[in-house]
Structure formats: C-alpha cells, structure tokens
Amino acid sequence: MSEIPSKADEEIVLQGTPVSAGIGIAPVHVHGRGFSAPEVYAIGRDGVAEEKARFAAALAKTREQLVELRDRIAAIAGEKDSGIFEAHLMMLEDKAIVDKVEEAIESRGQNAEFALYAVAQNYLEAMRRVPDPYLRERTVDIEDVCQRVLRNFEPEESRAAEPDETHILVAYDLSPSDTAAMNRRHLLGFATELGSANSHTAILARSLGIPAVVGIEGAILQVRALTPSIIDGYSGKLILNPSAETLEHYRRLQGEKERVRDELETMRDAEVVTTDGRGIVLSANIELVDELPLVFQSGAKGVGLYRTEFLLLDGEQMPGEAQQTEIYTRMAAKLNPQPLIIRTLDAGGDKLPVEPLTEPEPNPFLGWRGIRVSIDRPAMFREQLRAILRASAHGKVAVMFPLVSGIGEIRRAKDQLKACMDELAAKDIAFDEEIEMGVMIEVPSAAVIADLIAPEVDFFSIGTNDLVQYTVAVDRVNLHVANLYRPTHPAIVRLIRQTVEAGDAHGIWTGVCGEIAGDVRLTPLLLGLGVQELSVGPHQVPRVRRAIRSLALSECSQLANEASQCALSREILDLSLEMARTHYPELID
Ligand code: PEP
Ligand code: MG
C-alpha cells in the first residue's frame, strides 16, 4: 500500500527577497526566536529524580559538544570565531539557571525538557525588554544554547542532523554579529523574516559567499527544524521538502553555476580592462580580517573599503591603538604592494554603536554616525588614525572618512590626521608621509559640492548604499519601502556623474564601493559614467572582472548619455541591463 504523503512532507515554496546569490541544499536549522516548545507531559512524584538525571545528562552531553566545537573552530578559524562557544559554555554552567530548571521540574511535575523551555522563555522575555541593545542581542545566544540542550534530550538515532552539520539557517532576524560568528563551513545559506538587501547582514553574506534570502513573512512559523530544504539566493526562495524534480532541477542549476564560477576563476589574473583598452581598478570590500584570503583568491587589486566598524563585533568598544595597529599592519603587509583603504569607524545608524546611548535616537540614520562620532570622540579617533598611520609604514595604506556632509568635517578630520602625524614624527615612529586621504561620497550634500571637496582630498569613493537612501529618502533596511530603493534613480545617476566630473577636473580618482558596484547589471552604466574604480565583495570580483572585460567604454559612455536623458529609474536599469545581457548573458541571473 502506498503511503499518503502527510502535509508536513509536501513541497512548500516560501518567497522572499534574494540578497546573496547561490544555492544551498541541506536540512533547516531554526535559529533564535524560532525555537519551539518541546513536548510536555506529567512525570508524577517518582519521576523527579529521573528527570533531573536526564537534565544533567543532556547538560553534560552539550558541554562535551561545545568544548569539541570550540576547539575545532579555534583550530580552523582562530580564537575569535571560537569565542562564541566559550560564551555558550559559560551560560551552560550558570548555576542560577540550572537551579531554576531543577526547581521547575519539581514544582511543575513536568518533564525536564519543558521545565528548561519554560525557564528559558521567562528569562528571554525579561531580557528582550532590557533597553541595552547588547544585552538584547545576547538573547540569541541563550536560545542557541537551550536549543542545543533540548536536542540532547533526544536519543542520538532520532536526530537527523546536528547543528554542526551542513544546514540552512532560518531566523526571524540575524545581526551582523550573528552572521560573522556562524560556522561558515556548515552554513549553506540563510533565510530571515526581516532584513533587506542593503543591511550589513546581507552585505556580509555576499562577502562570505553565503546564499541568502530575506523578508520571508512568517518563515519561522512555517518551518520545522531538520526539514530538507533548498535556498535559492538567485530568485529568493526557500523550498521546504523539495520534490525529486525540484531537487534535480536545483542540483543541475548548482552544477551550471559552479561551472561558470570555475571558469571565471581561471581568469583570476587577467587584466581588468575594457575591450577598447580602458583599465579599471577592481578591488574588494571587506568587513573582517579573516576575509583576506578571499581577497587573494578573487584576484582583486587590494582592498577598496575595509569597514573597521566591524571591529566592534569583538567587544563593546573599539580595540585600543596597539591592537588596531597590529591588525592594520598585518593586513597592509599581506596586501603589499596592493592598496588597503581603511575607512575610519562608521558606527551608528543600523551599525553597532560605539558606546551605549543614554537614550535611543529618534532617527539614527540622520543622527550620530560616521565621521560625526569620530569628531566628537577625538581621543578614540586619534587612536585609530595613529594605528592607520603606523600600518602605513608596512604597506600601501590609504585612509578614508565616512559620511562626510561638508568641508568643515573634512578639515577637522584632516587636522586630526595631521596632529597624529606630528605626534608620531616627534616619537620617531615611521609612517607614510604621503598617505592618501579620501572621503566617501554618500551624503547628497557631499555629492552636490564634490567640486569644492575635490581639492581637499586624494580620492572619492561613492557609497551608493547610503547615497541612495539619503537622496530618495528611503531607509536602506526597511522592507516596507524596499521597492522605492532605486539605485538607478535619475538623481543618483546625476550625482554620480557630477562627482566623477568634479574628481576628473581636479585630477583625483573616483570609485564606487556601494553594493551596486558588484551588480553586473549596472557595470555598463557605472563605466559609462566614468567611474575608475569598483570595490565589491570578494565573491563578486570574478563576475565584475568578466563584465568589464566584455564591455567597450565607448559604448558604455553612449549608454550613460542616453541614461542621463531618462526620467524613470526603470528605463535606466533596462538600458544597462540590455547591454549587460548582450555582452555577458551567462552572468545575468
Ligand atoms: C555605502 O554606504 O555605500 C557604503 C559602502 O558604506 P556602508 O554600506 O558601510 O554604509
Ligand atoms: Mg555608507
């Protein structure tokens, strides 16, 4: 007799927004808030001792696994990535929680799993109400540990997959620190209910090459842990219980994409030049020091944007001058003679705060972020500048300031840089006296006065993620207005053109380091607008290299002229997309 498939085994397709290309096939692992209630049953008076023993055994098994995981990750990725497991071990040993669970077993007369679940939920609810964002973030770790202990109540054979096996993560939301701490070897993709293409979590996923889909409404409710699934980071789907045909389709697609990728990798050392001979600098954006090997693999020409605010992930504060010097020097020396553009701290907004705020800002994106924070905290700013300068003695380092909105800020930042140079010189500490100094053009006011800024700096790097947000007044991480976030808005095209022209007129180079630089649909437009450098996630480098090598600058310039006459974002996108499709259809998803 054939089995009637239960509803739980039917294929379900959940649609979201694709934010990081790629395909992953693996069982689902539910993260954070999604951890569901275990079965509950009465244990009777005699059962208390047995339940306590089951709880102790589950704790012991969890401890063993965490120690093993910590050591393994420390060996593969270093102490930083393994730190998270150390924190989990400490939670496991928190006597207050353990005692509470034991008490709950007795007082409720229910099984140990449910007692643990109830205690944890209570605890988590209290923590979610704490105004301190750091503490609120820790709830995810508690959920992680509880989930692991709950799993360890089950007999081994009933478990299809351990979290340290390959999996696709489904979460309500993920912070950049969650993403950075993930075991990347086993994480084949993630899907979240919140998030957007320009959030830092999505940027990190693209940098690390992890397929990702965001904005799947109700994903957590619809997903059961360990369900077989496929994540399609091209079209934005999470497919649960894929049928045999669906699986076959995706395996084939995965194979094709891998072939294209392998082919692109063979061009790693090919010159990045258009068919009519214009060389373009193609560099990489990085957030974490351990992405450096990816930069080398990609063949990028150095680092065009190092987001130093990600150093805040390791603690609540920026590391001190000595530690920053050590980190920047290591990177600069490894990259030498390729350049390393270090962006000074860009905290605030949707990024981590540099210090806890006494009260939440009414409008963080228009608030205390970027260069404003550095100018207001001169001691911290100077520690970072001195560290950058010290590193400049060991490689080709440049410094870049984020979120500048006017000349005053640039001059203040330059004054601090000069003061740091004098301090180091007085102590006979080596640094590059000719260090290049550039600014991000990501606030419309800066783009509009690019001609006034150009004589003050050595280069421009256009941060389109923020430039689009501020120009069209659309929050870059708000899913509800995501359809209004249009990088090809005519106003953006004008601002880019204006910035490039101002740079050209003053003999300085202009690059783009926002996410559109890695979007090969827009390469014709950006080249046509005269951009001379593109800085993109390491995983996007091979595709962008191929795109540039397939295009003629003369045709792109013509296209950009035509685009400048268009009134609608869609028309501009279509023009660029058409040229991209003609020259490299295999790269257009
Ligand atoms: C940008 O705004 O385009 C940019 C590159 O900076 P970030 O994404 O870090 O704000
Ligand atoms: Mg920015």
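Residues numbered from 1 in each chain as written. Chains lettered and ligands numbered in written order. Predicted model: local features only at pLDDT ≥ 70, side-chain atom pairs only at ≥ 80, totals over all residues. Heavy atoms only, no water.

Examining helix α20 (residues 541–550)
Here is step 1: Here α20 lies mainly inside the structure; 8 of its 10 residues are buried.
Here is step 2: Those residues of α20 that sit buried are Val541, Pro542, Val544, Arg545, Arg546, Ala547, Ile548 and Ser550.
Here is step 3: Elements in contact with the buried residues of α20: α9 (244–265), β9 (281–286), α10 (292–298), α19 (523–528), β16 (533–536) and α22 (569–583). (Buried < 20%, exposed > 50% of the residue type's maximum accessible area, 1.4 Å probe, protein only. Helix = DSSP H or I, 4+ residues; strand = E, 2+ residues; numbered from the N terminus. Contact = heavy atoms within 4.5 Å.)

Description of the coordination of the magnesium ion (ligand 2)
For a metal with four tetrahedral donors the ideal donor-metal-donor angle is 109.5 degrees, whereas six octahedral donors ideally subtend 90 or 180 degrees.
Here is step 1: In the first shell of the magnesium ion (ligand 2), the protein supplies Glu442 (OE) and Asp466 (OD), at 2.0 to 2.1 Å from the metal. Separated by 24 residues along the polypeptide, Glu442 in the loop between β13 (436–441) and α15 (444–448) and Asp466 in helix α17 (residues 464–471) bring together distant segments of the chain. Across the pair, Asp466 and Glu442 agree in class, each one buried. (Donors = N, O, S within 2.8 Å, 3.2 Å for Na, K, Ca; no water.)

A look at the side chain of Gln540
Here is step 1: Along the chain, Gln540 falls in the loop between β16 and α20.
Here is step 2: Judged by its relative accessible area of 13%, Gln540 is buried.
Here is step 3: When residues no more than four places from it in sequence are discounted, the contact partners of Gln540 are Arg206 and Gly518.

Side note on unusual backbone geometry
Here is step 1: With an omega of 10°, the peptide bond between Asn336 and Pro337 qualifies as cis.
Here is step 2: With respect to the element layout, Pro337 can be found in the loop between α11 (321–335) and β11 (339–343).
Here is step 3: The backbone of Leu403 shows a phi angle near 55°, a positive value even though the residue is not glycine.
Here is step 4: In this structure, Ala473 is a non-glycine residue whose phi angle is positive, near 55°.
Here is step 5: Here Ala473 lies in the loop between α17 and α18 (490–505).

Quick notes on the pattern of salt bridges
Here is step 1: One pass over the structure, following the stated rule, counts 27 salt bridges.
Here is step 2: With a shortest N-O distance of 3.6 Å, Glu326 and Arg330 are connected by a salt bridge. With Glu326 and Arg330 both in helix α11, this residue pair falls 4 residues apart, about one helical turn.
Here is step 3: Classification of Arg330 as partly exposed rests on a relative accessible area of 38%.
Here is step 4: Connected through shared salt-bridge partners, Glu309, Arg343, Asp346, Arg369, Asp466 and Arg476 make up one network. (Salt bridge = Lys/Arg side-chain N within 4 Å of Asp/Glu carboxyl O.)

With respect to the site of ligand 1
Here is step 1: Inspection of the region around ligand 1 gives 16 residues, with Arg307, Arg343, Lys351, Asn465 and Arg476 positioned closest.
Here is step 2: Arg307 is positioned such that a nitrogen or oxygen atom in its side chain is 2.7 Å from an oxygen atom of ligand 1.
Here is step 3: Within the contact set of ligand 1, an oxygen atom lies 2.8 Å away from a side-chain nitrogen or oxygen of Arg343.
Here is step 4: Protein contacts shield 100% of the accessible area of ligand 1, which totals 290 Å² for the unbound molecule.
Here is step 5: If you list the elements that add at least two residues to the shell around ligand 1, you get α7 (200–208), β10 (303–307) and α17.
Here is step 6: Here the shell around ligand 1 gets 3 residues from one element, more than from any other, and that element is α17. (Near = heavy atom within 4 Å. Polar contact = N/O pair within 3.5 Å; in protein donor to acceptor, adjacent residues only side chain to side chain. Areas by Shrake-Rupley, 256 points an atom, 1.4 Å probe, with all protein chains shown as cover.)

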